[in-house]
Amino acid sequence: MLVYQCCEAIRIAYNQIGSGEQGYVPQAIAASIRALDAVARDERVPSELREQAAYAAANLLISDHEDSEIKG
């Protein structure tokens, strides 16, 4: 997926990180898993979206990326 295919909020954050206005998160996969976990466990979120978040998080956990380990 390319940044221009993402929602405006993601494009804004991408530009802020790229310009140095916001800090880069070196453990981006772990941060993503934490965010997806928060969505998946939030019962206020529609079940279809919770399932998508859980599936995406599970795939990231299974991936062989070095920073996929969640710490803390």
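Residues numbered from 1 in each chain as written. Predicted model: local features only at pLDDT ≥ 70, side-chain atom pairs only at ≥ 80, totals over all residues. Heavy atoms only, no water.

Looking at an unreviewed UniProt entry, one finds the protein chain named UPF0253 protein ACEUDJ_02080 and attributed to Aeromonas bivalvium. On record in UniProt, under Sequence similarities (unreviewed entry), the comment for the protein chain is "Belongs to the UPF0253 family." (UniProt positions renumbered as here; feature names shortened; annotations may be inferred.)

Engineer: If you had to explain the overall build of the protein chain to someone new, which residues and values would you point to?
Structural biologist: Broken down by element type, the protein chain carries 3 helices and 0 strands. The order of helices and strands in the protein chain, counted from the N terminus, is α-α-α. Considering the protein chain as a whole, with its 72 residues, one finds that 15% of them fall into the buried category. Long-range contacts, defined here as pairs at least 24 residues apart, represent 47% of the contacts in the protein chain between residues at least 6 apart. Put simply, the protein chain shows about 5,900 Å² of open surface, and 55% of that area lies on carbon and sulfur atoms. (Helix = DSSP H or I, 4+ residues; strand = E, 2+ residues; numbered from the N terminus. Buried < 20%, exposed > 50% of the residue type's maximum accessible area, 1.4 Å probe, protein only. Contact = heavy atoms within 4.5 Å. Areas by Shrake-Rupley, 256 points an atom, 1.4 Å probe, with all protein chains shown as cover.)

Engineer: Account for the packing of helix α2 (residues 28–41) against helix α3 (residues 47–62), naming residues and giving values.
Structural biologist: Remark: α2 packs on α3, axes separated minimally by 8 Å, with the N-to-C direction vectors making an angle of 150°. Comparing the axis directions of α2 and α3 gives the class roughly antiparallel. Note on packing geometry: the crossing formed by α2 with α3 is left-handed. Between α2 and α3, the residues in contact are I29, S32, I33, L36, V39, A40 and R41 and L49, R50, A53, A54, A56, A57, L60 and L61, respectively. (Axes fitted to C-alpha atoms, helices over the stretch in contact; angles between N-to-C directions. Parallel < 35°, antiparallel > 145°, perpendicular 65-115°, else oblique. Left-handed = near helix turned anticlockwise from the far one by under 90°.)

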